[in-house]
Amino acid sequence: MNISRNWLKEFVDIQASDREYDEIMTIAGQKVETTTRLDAEIKNVKVGRVLSIVRHQNSDHMWVCQIDVGEALPVQIVTGAQNVRQGDLVPTALHDSWLAGGVHILSGKLRGEESNGMLCSIQELGLTHNDFPDACEDGIWILNDEDCAVGQDINEVIGNNDSVVEFEITNNRPDCYSLIGLARETAAAFNVPLKLHEPVVKGGGPGVLPELLDVETPDPDLCLRYTARMVRNVKIAPSPKWMRQRLRAAGIRPINNIVDITNYVMVEYGQPMHAFDYRYVKGGKIIVRRAGEDAELTTLDGTVRKLRPEMLVIADETRPVGLAGVMGGENSEIAPDTVDVVFESANFDGTSIRKTALALGMRTEASAKFEKNIDPMLTLPAVNRACELVELLGAGEVLDGVIDVLNCVPEPYSLPLEPERINALLGTDISEADMVEYLRREQIPVENGQILVPSWRPDLRRMADIAEEVARFYGYNEIPTTLMRGATTRGGYSPSQKLVNAAGAAARALGFSEIITYSFVSPTGLDLIRAPKDDPRREQIKLLNPLGEDTSVMRTTALPSMLDILARNNAYHNKAARLYELAKIYLPVEGQALPYEPKLLMLGCYGPDENFYGLKGAVEDILSQLNTLSARFEAVTTDPAYHPGRCAALYVGDKRIGTLGQIHPLVAKNYGMDCEVYAAELNFTDLQTVLAPEKTFRALPRFPATSRDLAFVCAETETVGALEACITQAAGPLLKEIKLFDIYRGVGIAQGCKSVAFSLTFRAEDRTLTDADIEPAMDSVLRALEAGHGAVRR
Amino acid sequence: MKEQLEQIKSRAFAALEAAKAVPELEELRVRLLGKKGELTAVLKMMGKLSSEERPVMGQLANSVRAAIEARLDARRTELEAAALDARLAAEALDVTVPGTKPELGHRHPMYIALDEAKEIFIGMGFQILEGPEVELADYNFTKLNTEEGHPARDWSDTFYLKEDSSVLLRTQTSPMQIRAMEAIKQPPIRILAPGRVYRKDEVDATHSPMFHQIEGLVIDKGITMADLKGTLETLVKSLYGEDSVVRFRPHHFPFTEPSCEVDVQCFKCRGAGCPTCKGEGWIELLGAGMVHPRVLEGCGIDPSVYSGFAFGIGLERMAMRRFQISDLRLIFENDIRFLRQF
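Residue positions are given per chain, counting from 1 as you read along its sequence in written order. The lettering of chains begins at A and the numbering of ligands begins at 1, in the order of writing. Whole-chain, interface and lining totals are the exception, using all residues; otherwise, since this is a predicted model, local features are given only for residues with pLDDT of at least 70 and side-chain atom pairs are given and counted only at 80 or more.

1. A short note on the overall build of chain A
- Runs of E in the DSSP output that reach at least two residues are strands. Runs of H or I that reach at least four are helices, and both are numbered from the N terminus. Counting its secondary structure elements, chain A contains 21 helices and 39 strands.
- The principal-axis extents of the C-alpha atoms in chain A amount to approximately 130 × 85 × 60 Å.
- Each residue gets a C-beta atom placed from its backbone, and two residues are in contact if those atoms lie within 7 Å. Counting contacts in chain A only where the partners sit at least 6 residues apart, residues at least 24 apart contribute 69% of the total.

See below:
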């Protein structure tokens, strides 16, 4: 909501500087977004008198003028305009002046003649023909009929010696979408009197209103109140300069006296109004109804609007003539030859107006106000104010009487002032008298302990609402600051949050940096990772109104997000990257409104030092940091996202926790990467169920360990995992540790075979082991390896 | 014999002096003092001496041995020290050569800022709570006193997943207030609920359709607006320094009453107005207020017995200010060169 400081002075006498005003209003609860001086743009432009005007010697269309701008010597200016005469008053931009749109004027020469400035048109001063209807359309603005003097700053002539304050109005205060509402707030904030004016209409125009006009409201649920008056023998003309200036400051384009009056009242009262040309209101009947079967209406802006049956329209006997609360119809628009006018001042259901405006994509000043549910008590004073202005401007003859259909009038509301409860909520000690005083400043009377809530404050319904009013004018910043008393609570993280934190810390210790990616993704991500058509991850929750395809489904895997980021880093020529994300995925659950949102640990990396075992080691380290049960890896050859020979399923306990491996080269290629890319996906929610018992101390070994190296040859197909399991099983309880230390292929080893070497560590808790203890174990291991895996000792 | 002993001594001293390294000393010790050494050889001839001479010579021989041994030890110490010096000199390194270090990973700056906030509130007894991002309109709006027809519910502002507008991507972390009250039931409640939220904003330097908020909620007997101010002032001073100036200003949220916004005085211009604060002198930090009695009632908590406050902080803005990050897009771009800076 923009208001003019000059216009505001009509209601409150405030001398504060712009900065002070902004500060005090903001602190009192009406936040000022910006304040703009209207004269900030145009600089060093003065009213000048043309002393002489002669043809330019080297041009057949330019003129050389001597201009008196109130200084000792006249200024020579060359102009190409053809409408300037000797003796005219003209806006004269001097050397080093600024015009609309940041145009900077400096002295120069035009075809050899010195020109120390420029004569201006209204456009060059940021104005339109609507602002100054008498100004020349395509020439210099001749100021002879304006009230001005030679040497005067042009801003004063335009009416730019004003500031426009833009307020951020909150949803609960529709009354502040009006000058009077903000004047009321200003009066309360500055504790100065509010000067309100009761409109006085003389009336007496020819005819009897009820005989000329009839209003029906067959849909009272959408039309809470409809108030109308009539003006006859209207003389359509531009409105006076003071009214045009105020409208321009409020950001509204002046049109003609009748339309300007409706807009003027809308700014003052916050009540949208409309003026119909009476001759097009067929049958003298206004019917406020749902559109029903009427399919379309051409609105004032010349656009044909497709109507929906539930939209509220203003109709005459035969057809819609306006879109209620949004915009009038072209068919009943005020025209230069309009003679009789109907002023509509109505109150419509906010939700209905909002839906109509939204459906038609035409949010107007009027609809924006109606959708906030404005005060139904405003319609009458507003229509009277409009008629008063008609009489003031001599724009027509107002008929006596008012048509006022009241379908829903708010009941007067009151509630008790409860000082103790208010102080208890605020933590203050404000006296009852002070509270009453703060409310009085806001024009809210308190009688016998009862707050009589005015109709424009439907937001005041309970003690807490009153507490806010008291706090606003007591000062939020005057309320003490205290620390909470009462029962103490134990703060901190839940066990699952601690696990997530620990996983992040472990990943970072291993060189992975944290990333954050969007939860909504493109459905094509699953194609890029080569997910089969029947992949359950294709069951994605779809956004019905996404910003675009790229963010249109909730992800069911975090792999495409990770690959996106790895690919981006690769494209940025970053040589290597190790990244992790603690990412949620969103899995639809049959029969439930909300999906299951488990958290994943997603790891991804590429770079010269990366390989499968590096990633696997990182995963193992993370699991060990999280203290899970022991992990097992099984080859996976069928996951199309991964290299068929370099992918493993991770099992902890008997649960499948995740997948890790090298990304399939075709998938990497889909992301524009031709290097080896690695990724691991670990499901946290499952991890929480496979944690080992909490760690406790075990006594350090008292007897020394003995180790034996064991190298044997076996078929290439035998996996280290299986061999390890076989050895562990066969060696018995004395074996404490088994460690792979070499795999050898080549000279001395048959084709299709490999040599595998383990270091075995034996130890007993109660004695030093001897060969006699260890030999049987080793024998048993060798027998088992030979029998189960065809392994032969080297 | 006496001359012999003196000779041994002087030759031994000369030899020890000439020795260049510790191993030579060992050879000399054997040669001079060993069983087959020179001194032993001389002593073997003692038997031939008279009983008068024997003790005198014995004494002399012992003093020679002691002198050689002492000299030997001293020389060893000298040579060892010299050898150590030489070794250390040889081992000297160019300490300006960069250290070898395994690369550590980096926490995302957003979560560094979040961790700081969490620590502050955990210290005040807040429990950290998480909840669903795909949320019921009922929790995101209705139970937060945001009725049907409120503009925030528009399809132009909120992402919906069901045609009847019943399921959405939460637009705020405030539904966690409702979830906390329903889960904990019996005050005292002190929770902090950080998480992702979604609004239909196109991506630019200050907007993203997905961003993060931190929700806080306190419910207990006798909680006042003064407590709200005290708590938030503690937060601001912990984050931005003891000398930061905080301002509370009235605002409106459907689910709090009274409501406020909290500004901190611009650090750059100290309130005078500069480009950082867009000339206002103040920077908006967060929204807060006393929990609306209707919200309490909706969660089965009697507003005549209990009161509480709630607040919501935009995490991106907090992190961007904390690390002077100029463009929101950097946060979600995840360039490793960006991440390594934190």
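2. Points about the overall build of chain B
- Each helix and strand counted, chain B has 12 helices and nine strands in total.
- Radius of gyration (C-alpha) of chain B: 42 Å, far over the 20 Å computed for a compact globule of 342 residues.
- Here chain B holds 342 residues, and 39% of them are scored as buried.
- Considering only intrachain contacts with a sequence separation of at least 6, the fraction spanning at least 24 residues in chain B is 66%. Atoms counted for the radius of gyration: C-alpha only. Globule rule: 2.2 Å times residue count to the power 0.38. To sort residues by burial, count the other C-beta atoms lying within 10 Å of each one's C-beta; a count of 20 or more means buried, 12 or fewer means exposed, and anything in between means partly exposed. C-beta atoms are built from the backbone.

3. Considering the environment of A193 of chain B
Residues and elements named next belong to chain B.
- Examined against the element boundaries, A193 turns out to sit in strand β4 (residues 189-198).
- Of the residues examined, A193 has 23 C-beta atoms within 10 Å and is grouped as buried.
- In sequence terms A193 and Q213 are 20 residues apart; their C-alpha atoms lie 8.2 Å from each other.

4. Topic: unusual backbone geometry
- A cis amide bond links P187 of chain B with the next residue in sequence, P188 of chain B, at an omega value of 5°.
- Structurally, P188 of chain B is set in the loop between α7 (175-184) and β4.
- With an omega of -10°, the peptide bond running from E257 of chain B to P258 of chain B counts as cis.
- One can find P258 of chain B in strand β7 (residues 256-265).
- One non-glycine residue, N233 of chain A, lies in the positive phi region at around 50°.
- Looking at where N233 of chain A falls in the secondary structure, it is placed in the loop between β13 (223-232) and α6 (241-249).
- With phi around 65°, N145 of chain B is a residue other than glycine that occupies positive phi space.

5. Examining the pairing of β13 of chain A
All names here are of chain A.
- In terms of burial, β13 is largely enclosed, as nine of its 10 residues are buried.
- Pairing of β13 with strand β23 (residues 403-406) involves four bridges; the strand directions are antiparallel. Bridging from a neighbouring strand, A228 pairs with I403 of β23.
- The pairing of β13 with strand β22 (residues 397-398) spans two bridges and is classified as antiparallel. For R232, the partnering residue across the bridge sits in β22 and is E397. In short, DSSP must find at least two bridges between two strands for them to pair.

6. Examining the sheet that holds strand β1 (residues 2-4) of chain A
All names here are of chain A.
- Taken in spatial order, the three strands make up an open sheet running β1-β11-β2, and their pairing is antiparallel. The two strands at the open ends of the sheet, each matched to only one other strand, are β1 and β2 (31-37). Across the sheet, the mean angle separating the axes of adjacent strands is 25° when strand polarity is ignored.
- With three bridges joining them, β1 and strand β11 (residues 163-168) adopt antiparallel strand pairing. Note on β11: the bridge partner recorded for N2 is E166. Only C-alpha atoms enter the line fits that serve as axes; for helices the fit covers just the stretch in contact. Angles between N-to-C directions range over 0 to 180 degrees.

7. Quick look at the interface of chain B and chain A
- Contact with chain B, which involves 70 residues of that partner, is made by 72 residues of chain A.
- With seven residues, helix α8 (residues 225-240) of chain B is the largest single contributor of residues to the side of chain B that touches chain A.
- Classes in brief: Ala, Val, Leu, Ile, Met, Phe, Trp, Tyr, Cys and Pro nonpolar; Asp, Glu, Lys and Arg charged; the others, Gly included, polar. Split into classes, the residues belonging to the side of chain B that touches chain A amount to 34 nonpolar, 16 polar and 20 charged.

8. Things to note about the sheet that holds strand β8 (residues 282-291) of chain B
Residues and elements named next belong to chain B.
- As summarised here, the arrangement of the seven strands in space is β1-β4-β5-β9-β8-β7-β6, forming an open sheet in which the pairing is mixed. Only two strands of the sheet have a single partner each, and these edge strands are β1 (127-128) and β6 (246-253).
- Bridge count for β1 against β4 is two bridges, and the pairing is parallel. Within β4, the position partnered with I128 by the bridge is L192.
- Contacts from helix α10 (residues 315-323) reach β4, β5 (210-220) and β9 (307-314) within the one sheet, and its direction differs from that of β9 by about 60°.

9. What about the pairing of strand β5 (residues 75-79) of chain A?
All names here are of chain A.
- In terms of burial, β5 is largely enclosed, as four of its five residues are buried.
- Taken together, the five bridges between strand β4 (residues 63-68) and β5 define a ladder with antiparallel strand orientation. Considered in β5, the bridge of V64 is made with V78.
- A loop of six residues connects β4 with β5, the two strands running antiparallel in sequence, and G70 in this loop sits at a positive phi of about 85°.

10. Details of the nonpolar core
All names here are of chain A.
- Connectivity within a nonpolar core runs through C-beta atoms within 7 Å, and the core itself is a set of buried Ala, Val, Leu, Ile, Met, Phe, Trp, Tyr and Cys residues. Membership of the largest hydrophobic core comes to 228 residues, with the highest contact counts inside it found for V313, V341, F343, A386 and L603.
- Look past the residues within four positions of V341 in its chain and what remains in contact with it is M230, V231, V234, I258, A275, F276, D277, Y278, I334 and G396.
- Judged by nonpolar contacts, the second largest core, of 34 residues, contains A81, V90, M118 and C120.

11. As for the packing of helix α11 (residues 419-426) of chain A against helix α13 (residues 463-474) of chain A
Residues and elements named next belong to chain A.
- Look at α11 against α13: their axes get within 9 Å of each other, and the N-to-C directions meet at 70°. In terms of axis orientation, α11 runs roughly perpendicular to α13. Contact residues: R421, I422, L425 and L426 in α11; M463, A464, I466, A467, V470 and A471 in α13.
- Taken together, the residues of the contact of α11 with α13 break down into nine nonpolar, no polar and one charged. Just so you know how the angles are binned, under 35 degrees is roughly parallel, over 145 roughly antiparallel, 65 to 115 roughly perpendicular, and the rest oblique.

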